[in-house]
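Structural features, examined
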Amino acid sequence: MVGMQLPQLHRYATRPGLFFTEDGGADVVARSETAEQLWFCVLESLDVPSAFYNDAVRIHDDADSAEFIQAMQQHRICTRVVRGLRMRETLFRMDGPNYGLWYLHLPKAWNGMHYGYRAQGAWDPKHGLRFNPYKFLIDPYAKGVEGRMRLDPAAFAYECEIDAEGHVKGSAWGAMNRLDSLGKVPMSIAIDDRDVTKHDADPSHPHVPWSKTVIYELHVKGFTANAPWLPEELRGTYAGLAHPATLSYLQGLGVTSIELLPIMAKQPEVFLQEHGRPNYWGYSTLSFFAPEPSYATRTAQEQGADAVRDEVIMMVRALHEAGFEVIMDVVFNHTCEGGNAGPSVCWRGLDNLSFYRRQQQNADELEDTTGCGNTIDFTYTHNITFAVDALSYWAKRIGIDGFRFDLAVSLARLNGAFTPYHPFLYALRSDPMLGNLKLIMEPWDLGNQGWRTGQFLSPFAEWNDRFRDTARRFWVTEVDHGDNEGVGMQEMATRLCGSADLFATDPGRGATSSINFITAHDGFTLADLTQYAHKHNEANGEHNNDGANINYCANFGEEGPTDDRRVQMIRERTRMNMLGTLLLSLGTPMMLAGDEFNNSQYGNNNAYCQDNATSWLDWSLLEKNRGLFEFFRYMIRFRKAHRVLRANTNNGACGFPDVSFHGTAPWKEEFGGHDHYVGVMFAGWERESGPQVVYVASNAYWCELEAELPQLPASMSWHLVVSTWQEEQGAYLQRGNRFTIGPRSVLVFEAK
């Protein structure tokens with residue numbers, strides 16, 4: 001009897017990508033479930049001899065696009081000269097599909113090689129099939145990209161034109177476009193990662209516990225674009241963020257974790273390109289593996305994609321060596337290709353049907369729960385694998401410590417409905433590396449029932465918009481408008497104590513899962529929140545219709561900056577109150593860069609397309625607002641020194657429970673109608689320092705109040721340690737238990 005023979009394993013990798021091999025070539029794997037044929041395209045300069053001279057059939061130089069496409073279908077390897085670009089394109093027909101994968105062994109490959117794909121299949125837009133071999137497509141797994149998409153008809157798979165006003169005109173369901181897109185779209189760049197010593201110089205990751213985490217959100221370019229301590233060539237770059245003086249400033253603040261707005265390669269939406277504006281924030285991903293080249297120094301950009309990536313790696317290493325975690329904002333809910341009328345630069349041309357979600361009753365229309373024209377289909381297993389591969393690459397190769405997922409509800413919808421048991425969430429949880437990183441969800445999207453704060457379960461943290469809105473309403477909107485009904489003591493106390501109604505509903509979750517914030521990149525800065533009653537987004541070119549209309553903001557009597565000293569003082573105290581509330585609350589605080597010195601966006605609450613002084617931090621404000629800056633630093637130090645403000649101790653101290661709520665009289669269930677006064681006392685026992693008892697009094701009324709502190713044991717007394725009525729903070733002995741709290745202020749007492 002003949003023994004059973006195992007089938008021979010396929011020689012190539014089972015996941016897509018370009019893998020350098022020891023014979024000087026590379027194995028190439030691409031995924032397309034619905035293509036009829038894929039070609040791998042290598043681009044070479046005409047100034048150097050071709051590496052494939054003896055392998056390829058030469059297509060004559062005068063061949064038009066149609067003749068070129070016909071020729072590439074006839075020959076396994078062919079090459080053509082593109083004189084307008086001074087480059088040579090060599091096409092290799094790939095083998096496949098094998099379970100959706102296409103394969104090729106490239107006989108020669110090199111670091112920095114420019115490449116891409118072309119795909120042929122059905123042109124049937126009514127059924128979601130948009131294959132067009134005239135379109136040059138980047139590799140979804142490329143570790144580097146070069147070039148930009150030009151607003152040109154050739155970049156689109158359907159017949160269209162650019163009118164006199166610069167707008168794209170044509171039907172996405174019309175005839176196939178036969179213009180060659182090479183030179184009008186980006187190119188992939190190969191990076192050889194086989195060096196086994198590449199991680200030898202990596203410093204230890206900080207691994208900051210959630211209970212000690214203080215997040216600082218910034219934009220790589222905007223943070224240092226105007227930094228006076230940097231030479232011109234480093235401003236607005238990865239290297240600028242890694243500069244010793246920049247790191248020293250961040251250490252001086254006391255924050256622990258730097259959250260970067262997206263640094264994956266980006267491409268502006270067609271709408272922005274039509275109006276000559278960029279996508280500054282970067283929430284329009286072109287490549288999920290390649291870093292954004294424009295944030296690198298000019299020298300690195302000229303040296304190529306490998307040097308750009310090295311600059312990113314060195315930035316992360318420098319931040320680690322300085323003691324900071326690096327958290328990266330990622331956008332896996334949609335891509336830069338937009339709706340059906342958008343360009344074909346990658347996924348749309350390779351496998352539109354599998355990559356994007358489609359409406360169940362209308363296959364030719366894309367599902368859009370992101371507001372950006374498309375939504376990646378995370379019900380498709382290989383798209384989950386793709387995302388996990390990209391995240392693992394950034395974590396392992398680049399050194400990223402955590403990720404914040406933009407519009408995360410879109411990543412967790414099955415059959416249109418959100419579920420915390422989505423396969424993608426399980427893939428993150430169960431991954432031995434990713435599951436141990438900081439994973440932060442933006443718990444909403446624009447789809448049906450898209451608000452899901454508190455529903456992502458362990459181990460995910462979430463942006464807490466309820467905290468944001470409650471703090472803003474308590475300190476700004478309702479008091480300014482004379483509304484005493486909405487946010488009262490109960491709601492405010494709940495937010496101060498970790499939002500247990502949202503984050504204590506799942507075993508293992510607690511206050512640290514709540515990312516508390518007042519401001520973020522999306523919305524008003526802290527300064528603008530208190531000096532504008534309305535958004536001013538006219539510069540965005542959308543007639544002030546973009547951006548949120550409900551901001552819970554106020555100008556306190558005059559719109560915009562003012563010389564009125566009284567208004568200035570009210571605004572400044574309100575900012576201190578909100579910062580105090582943020583840093584005196586259970587949960588994980590997150591601050592927006594520049595809020596510590598009153599950085600302003602001039603009332604623009606949606607500055608996503610403002611790559612200019614509107615969004616770049618104005619460092620001249622630092623000295624002008626030194627008082628707020630020092631208060632910011634003091635409050636972070638105070639938080640770090642008091643564990644009772646960072647984690648629920650569950651044991652209390654001095655006979656007090658771990659958390660208790662008070663009105664103007666201690667321990668009273670009846671709060672005397674003082675809806676805008678709340679007292680919260682935190683108590684716990686520290687092994688080294690003994691008992692910690694902190695009482696936080698918040699008065700949002702326009703009048704002062706008389707209040708009383710709880711009675712301490714005879715050996716202890718209250719000390720006033722924080723007052724937003726004072727510019728300088730310190731410890732002052734409190735005489736007795738009764739105290740006066742000024743209008744619109746926060747006082748903090750510590751038992752000693």
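Figured I'd write up the structure that's included with this text. (Residues numbered from 1 in each chain as written. Predicted model: local features only at pLDDT ≥ 70, side-chain atom pairs only at ≥ 80, totals over all residues. Heavy atoms only, no water.)

Concerning the overall build of the chain
- When its secondary structure is counted, the chain shows 17 helices and 35 strands.
- Relative to its length of 752 residues, the chain is compact, with a C-alpha radius of gyration of 29 Å against a globular reference of 27 Å.
- C-alpha atoms of the chain, sized along the principal axes, occupy 95 × 75 × 55 Å.
- A sequence separation of at least 24 residues applies to 70% of the contacts in the chain between residues at least 6 apart.
- For the chain, the accessible area works out to roughly 29,200 Å², and carbon and sulfur atoms hold 50% of it. (Helix = DSSP H or I, 4+ residues; strand = E, 2+ residues; numbered from the N terminus. Rg over C-alpha atoms; globule rule 2.2 N^0.38 Å. Contact = heavy atoms within 4.5 Å. Areas by Shrake-Rupley, 256 points an atom, 1.4 Å probe, with all protein chains shown as cover.)

Notes on the nonpolar core
- Of all hydrophobic cores here, the largest spans 164 residues; its most connected members are Tyr-216, Phe-332, Phe-403, Phe-405 and Phe-424.
- Residue contributions to this core peak at 10 residues, all from helix 9 (residues 381-398).
- Ala-30, Phe-52, Trp-102 and Met-113 belong to the second-largest nonpolar core, a separate cluster that totals 27 residues. (Core = buried A, V, L, I, M, F, W, Y, C linked by side-chain atoms within 4.5 Å. Buried < 20%, exposed > 50% of the residue type's maximum accessible area, 1.4 Å probe, protein only.)

Notes on the pattern of salt bridges
- One pass over the structure, following the stated rule, counts 33 salt bridges.
- Two residues, Arg-575 and Glu-572, come together in a salt bridge whose shortest N-O distance is 3.1 Å. Taken together, the residues Arg-575 and Glu-572, both in helix 15 (residues 565-583) and three residues apart, mark about one turn of the helix.
- For Arg-575, a relative accessible area of 6% translates into the label buried.
- Salt bridges linked by common partners bring Arg-80, Glu-89, Arg-118 and Asp-180 together as one network. (Salt bridge = Lys/Arg side-chain N within 4 Å of Asp/Glu carboxyl O.)

Regarding the packing of helix 7 (residues 305-321) against helix 9
- Where helix 7 contacts helix 9, the two axes come as close as 10 Å, and the packing angle between them is 70°. Comparing the axis directions of helix 7 and helix 9 gives the class roughly perpendicular. Residue-level contacts link Arg-309, Val-312, Ile-313 and Val-316 of helix 7 to Tyr-393, Trp-394, Arg-397 and Ile-398 of helix 9.
- Broken down by class, the residue content of the contact of helix 7 with helix 9 amounts to six nonpolar, no polar and two charged. (Axes fitted to C-alpha atoms, helices over the stretch in contact; angles between N-to-C directions. Parallel < 35°, antiparallel > 145°, perpendicular 65-115°, else oblique. Nonpolar A, V, L, I, M, F, W, Y, C, P; charged D, E, K, R; others polar.)

Some points on the side chain of Asp-431
- Within the secondary structure, Asp-431 sits in the loop between helix 10 (423-430) and strand 24 (438-441).
- Buried Asp-431, no salt bridge; nearest opposite-charge side chain is Arg-15, N-O distance 7.2 Å.
- Here the side chain of Asp-431 touches Met-433 through a polar contact of 3.0 Å, landing on its backbone nitrogen. (Lys, Arg positive; Asp, Glu negative; His and termini not counted. Polar contact = N/O pair within 3.5 Å; in protein donor to acceptor, adjacent residues only side chain to side chain.)

Some thoughts on the sheet that holds strand 1 (residues 17-20)
- Pairing is antiparallel across the open sheet formed by four strands, whose spatial order is 1-2-8-7. Looking at which strands have only one partner, the edges of the open sheet turn out to be strand 1 and strand 7 (95-98). Put simply, the sheet's adjacent strands are angled 20° from each other on average, direction ignored.
- Examined bridge by bridge, strand 1 and strand 2 (residues 26-31) share four bridges and lie antiparallel to one another. Considered in strand 2, the bridge of Phe-20 is made with Ala-26. (Pairing = 2+ DSSP bridges.)

Section: helix 4 (residues 244-253)
- For helix 4, the full list of buried residues reads Thr-246, Leu-247, Tyr-249, Leu-250 and Leu-253. Within helix 4, the buried residues cover an arc of 155° as seen down the axis, which keeps them to one side.
- Backbone geometry just after helix 4 places Gly-254 at a positive phi near 100°. (Arc of directions from axis to C-beta.)

Description of the pairing of strand 3 (residues 37-45)
- Where burial is concerned, most of strand 3 is hidden: eight out of the nine residues are buried.
- Sheet topology places strand 3 next to strand 6 (residues 87-93); seven bridges connect them, and they run antiparallel. Looking at strand 6, one finds that Leu-43 is bridged to Glu-89.

Quick notes on the packing of aromatic side chains
- Within this structure, the stated rule accounts for 40 aromatic pairs.
- Arranged with centres 6.4 Å apart and planes meeting at 20°, the rings of Trp-229 and Tyr-249 form a pair that is stacked. Linking Trp-229 in the loop between helix 2 (220-224) and helix 3 (238-241) with Tyr-249 in helix 4, this pair joins segments that are 20 residues apart in sequence.
- Given a relative accessible area of 27%, Trp-229 falls into the partly exposed group.
- A relative accessible area of 10% places Tyr-249 in the buried class.
- Three or more aromatic residues link up through ring pairs in this structure, and these residues are Tyr-141, Phe-288, Phe-289, Phe-332, Trp-347, Phe-355, Tyr-356, Phe-386, Tyr-393 and Trp-394.
- Taking the ring centre of Trp-463 as reference, the NZ or CZ of Arg-404 above it sits at 4.0 Å.
- Positioned above the aromatic ring of Trp-725 is the side chain of Arg-573, whose terminal nitrogen or guanidinium carbon lies 3.9 Å from the ring centre. (Phe/Tyr/Trp six-rings, centres within 6.5 Å; stacked < 30°, edge-to-face > 60°. Lys NZ or Arg CZ within 6 Å of the ring centre and 35° of its normal.)

Considerations on the sheet that holds strand 4 (residues 57-58)
- The strand order across the open sheet built from seven strands is 4-5-6-3-9-15-12, with neighbouring strands paired in mixed fashion. Looking along the sheet, the strands with just one partner apiece sit at the ends: strand 4 and strand 12 (144-146).
- As defined by bridge partners, strand 4 adjoins strand 5 (residues 77-82) across two bridges and the pair is classed as parallel. Looking at the pairing, Val-57 lines up with Cys-78 of strand 5.

Side note on the packing of helix 15 against helix 17 (residues 626-641)
- Between helix 15 and helix 17, whose axes approach to 10 Å, the crossing angle comes to 15°. Viewed along their axes, helix 15 and helix 17 adopt a mutual orientation that is roughly parallel. Crossing handedness for the pair helix 15 and helix 17: right-handed. For the pair helix 15 and helix 17, the contacting residues are Glu-572, Met-576, Leu-579, Gly-580, Leu-582 and Leu-583 in the first and Leu-628, Phe-631, Phe-632, Met-635, Ile-636 and Arg-639 in the second.
- Its residues assigned to classes, the contact of helix 15 with helix 17 shows nine nonpolar, one polar and two charged. (Left-handed = near helix turned anticlockwise from the far one by under 90°.)

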